[in-house]
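Each chain is listed here by its residues.
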Amino acid sequence: MASAPPSLSTARPPTAASPHGDRRRGALPPLPSCGARPPSRGGLRALRSVPLRRCAVRAALSTADRSAAPVESGGGKELLLEVRDLTAVIAETGQEILKGVDLTIYEGEVHAIMGKNGSGKSTFAKVLVGHPDYEVTGGSMMFKGENLLEMEPEDRSLAGLFMSFQSPIEIPGVSNADFLNMAYNARRRKLNQPELSPIEFWAYVYPKLDLLNMKADFLNRNVNEGFSGGERKRNEILQLAVLGAELAILDEIDSGLDVDALRDVAKAVNGLLTPKNSVLMITHYLRLLEFIEPRYIHVMENGKIVKTGDISIAKTLEKEGFKGVSEM
Amino acid sequence: MAALAFPRHIRTPPKPSSFSNKPKAKARTRISVRSSLAPPQLGFSDPFVLELAEALEDSLPSPSSPKLSPLQRIRDASSETLLSTPWPSRKDEPFRFTDTSFIKNSTIYPVSRPPPQSLEAPPASCEETQLPQLAIVDGYIVDFGSNLSGLPDGVYVGSLSNATSESLVERIGEFVSGFDWGDLFWSINGVGAPDLAVIYVPAGCRVENPVHLRYYSAEASDEGSNRLPLSNPRVFVLVEKGGEVDIVEEFMGGDGNRCYWANPVLEVVLGEGGKIRHSYVQNQSPCAAHIKWTSVQQEAESTYQLVEVSSGGKLSRHNLHVQQLGPDTVTELSTLHLAFNEQTQDLHSRLVLDYPRGSSRQLHKCIVANSQGQAVFDGNVKVNRYAQQTDAGQLTRSLLLEPRATVNVKPNLQIIADDVKCSHGAAISDLEESQLFYFQARGIDPKTARKALVFSFGAEVVSQLPNSFVQKKVENQIRELLVPR
């Protein structure tokens, strides 16, 4: 990555020659400030002053170049996630699962990853949030300019990275209310805001339950204890609604949900989408993508993203299976 | 044995009597240790034990009124047993994992006569002071304004010596000294108990408020002095047919690191259809020894529920014996042992079922969070020949949070009947990684996550405490323990 602002003419950045060329939306390279800045702890605070920086960069663009930029990217959008050539193995056995994943997500975008069972989709998501079962062996992951590899899982979460697990586990003995309260207060502490007492927190959480069509007694139950699969997924989305996130990774949020539940969950997720935050969905089926419309769909195969496109990929997948997609 | 010498004692020529059965003139007539080893005795006398027994006997006043005859009978029976009961060693199965040398190597002396009148009542919350309570200090029952007037008619809570009803004393006399399963410590309490506290609930009577027994150890020595004052509180509970009562036993620690040995006994006789909810909270000083016996006899269709939370004491052992005397009983035992310091927490429980359709559930949880900490569990359930259609379940879960923390568990079911449903399970682990990660993935740092998970591990037992003020107290105690020092 160049450390000096690259020429914003038609010269494409070196990585554009990669097989993932389709994914790059036109010639506009990633904003140099985000890519080139070395990872630092002060990154988060520095990012608070994003608008100023972005304006400065935009000013640097000549009007001629701006007209050359494609309509889609809209210029000046902040880069949320940048994954380059990520390789990872299972910590215990050393078996390689991710074999060079590249992905870029800007704010306000909805991405989806589809792929065969065992292709590494969930592993990718878990590696992003720092699951101890996996070890990164190469490549880089930058989130809002900060190097995720240097951050503990709780710091990644506090930075705005949320993951809804495929099979959320039970925590008997800890109530949902307490759990959410702890997590929410951790965020408030990070933002130097005063923590909420249990009663204030209850007032904050209560309306969110309505959003997901959940009953009030749910908060008194222990985390995921005795929950059906669908209830656990709803719980994950409730946590997303309560805690907020800049990039929400939804790992197979649709599995185990009936049509009504899926509609509620999709409505909640759509309601949380703003131009400032993004969603990365991992799914097998077209159905979810009809509720939450993705801008980009990536197909993952054998630990790598092999294809990127739009909704037409999903439709082909539905009709012809993965073979049809690889011939696209 | 013959080689042992006790220069302090004056030996008189052998007399035919054993050392305790005849009323003694307190002018020191001590009997030679060796001579009491008359051949008919099968076991051998342990001189250490005998010395302790004599010291205890000497510390008590001679029985004056006939009212104390149940107590005297207890003393007699216990001293008889002590003649042939040695101090337990690690070679004895019940003490295989429990090291009692801490007590044996100290200088043990019985507490001096009743605590001084000037003793003040320790602080209690306002809810507590409104409940009927009995304060037992060093084994002596002390009146701190016990508020016993609110109890229903016929209910008696107090010392046996103050009991006005002859029939009550007689009734109690029917039950004492009938226990065959005791060990050395049971007998030591029998010999050394200065008084017998009684809780009596007549037939069909339901006591609304829990009876609160608060035990204190006023006499104590300083840490490092290697002296242990021994107190023997003894309580007898008799609930007649259909009676119901909640009992809360609270063993307080007091300030600072004071050393003492508390050796309490609680005997419960639960009549037909009766119900007792027993809460036992032990929070004694970190260098104290605490050895408690709880013996329960359950008649048909009665319900006994025990919730125990023990967190104090350098050596804390609870011996629990529940004997079923009729069919269709319900027994629920939930215990939580916390070893956050260099301490040993031990539960040896035994449930003997001889009648059909008994139902029992035992849950034992322990948390050891210190490399020198140790937890021991021996849960024995005997389902004998006539205990058909018994439904007995036992589960023990231990959390080891530090390297070299130790837990020894021995769940054991001895089943002779053939139409029963019995299960037992044991799990020993650290906190689950996947649960810790779930907390981290939501932005909660590992330390807070560990605290929450450890607290919630114990919460399963603590939430069963039937009285909310006790529950709150215990929750606060646990929270304090979890704060890293």
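Residues numbered from 1 in each chain as written. Chains lettered and ligands numbered in written order. Predicted model: local features only at pLDDT ≥ 70, side-chain atom pairs only at ≥ 80, totals over all residues. Heavy atoms only, no water.

Points about the overall build of chain A
Secondary structure assignment for chain A yields 12 helices and 12 strands. In chain A, which comprises 328 residues, the proportion classed as buried is 50%. Restricting to contacts in chain A with at least 6 residues of sequence separation, those with at least 24 account for 69%. Of the roughly 15,000 Å² of accessible surface on chain A, 53% is carried by carbon and sulfur atoms. (Helix = DSSP H or I, 4+ residues; strand = E, 2+ residues; numbered from the N terminus. Buried < 20%, exposed > 50% of the residue type's maximum accessible area, 1.4 Å probe, protein only. Contact = heavy atoms within 4.5 Å. Areas by Shrake-Rupley, 256 points an atom, 1.4 Å probe, with all protein chains shown as cover.)

Describing helix 5 (residues 121-129) of chain A
Residues and elements named next belong to chain A. For helix 5, the buried fraction is high: eight of the nine residues fall into the buried class. Within helix 5, burial applies to K121, S122, T123, F124, A125, V127, L128 and V129. Looking one or two places after helix 5, you find G130, whose phi comes out positive at around 95°.

Observations concerning the sheet that holds strand 20 (residues 359-368) of chain B
Note: strands within a sheet are paired through backbone hydrogen bonds, in either parallel or antiparallel orientation. Residues and elements named next belong to chain B. Strand order in the open sheet made by the 10 strands is 3-2-6-10-14-16-18-20-22-24, with mixed pairing throughout. Since the sheet does not close on itself, it has two edges, and those belong to strand 3 (140-142) and strand 24 (421-429), each with one partner. With strand direction ignored, the average angle separating the axes of adjacent strands in the sheet is 10°. Alignment of strand 2 (residues 133-137) against strand 6 (residues 211-216), held across five bridges, turns out to be parallel. (Pairing = 2+ DSSP bridges. Axes fitted to C-alpha atoms, helices over the stretch in contact; angles between N-to-C directions.)

Overview of the pattern of salt bridges
Residue and element names in this part refer to chain B. Per the counting criterion, the structure on display carries 27 salt bridges over all chains. Here D346 makes a salt bridge to R317, at a shortest N to O gap of 3.0 Å. Pair noted here: D346 is in strand 19 (residues 344-353) and R317 is in strand 17 (residues 315-324), with a separation of 29 residues, a long-range link. A salt bridge links D328 to R357, with the nearest nitrogen and oxygen atoms 3.0 Å apart. Separated by 29 residues along the polypeptide, D328 in the loop between strand 17 and strand 18 (330-339) and R357 in the loop between strand 19 and strand 20 bring together distant segments of the chain. (Salt bridge = Lys/Arg side-chain N within 4 Å of Asp/Glu carboxyl O.)

Structural measurements only, silent on function.
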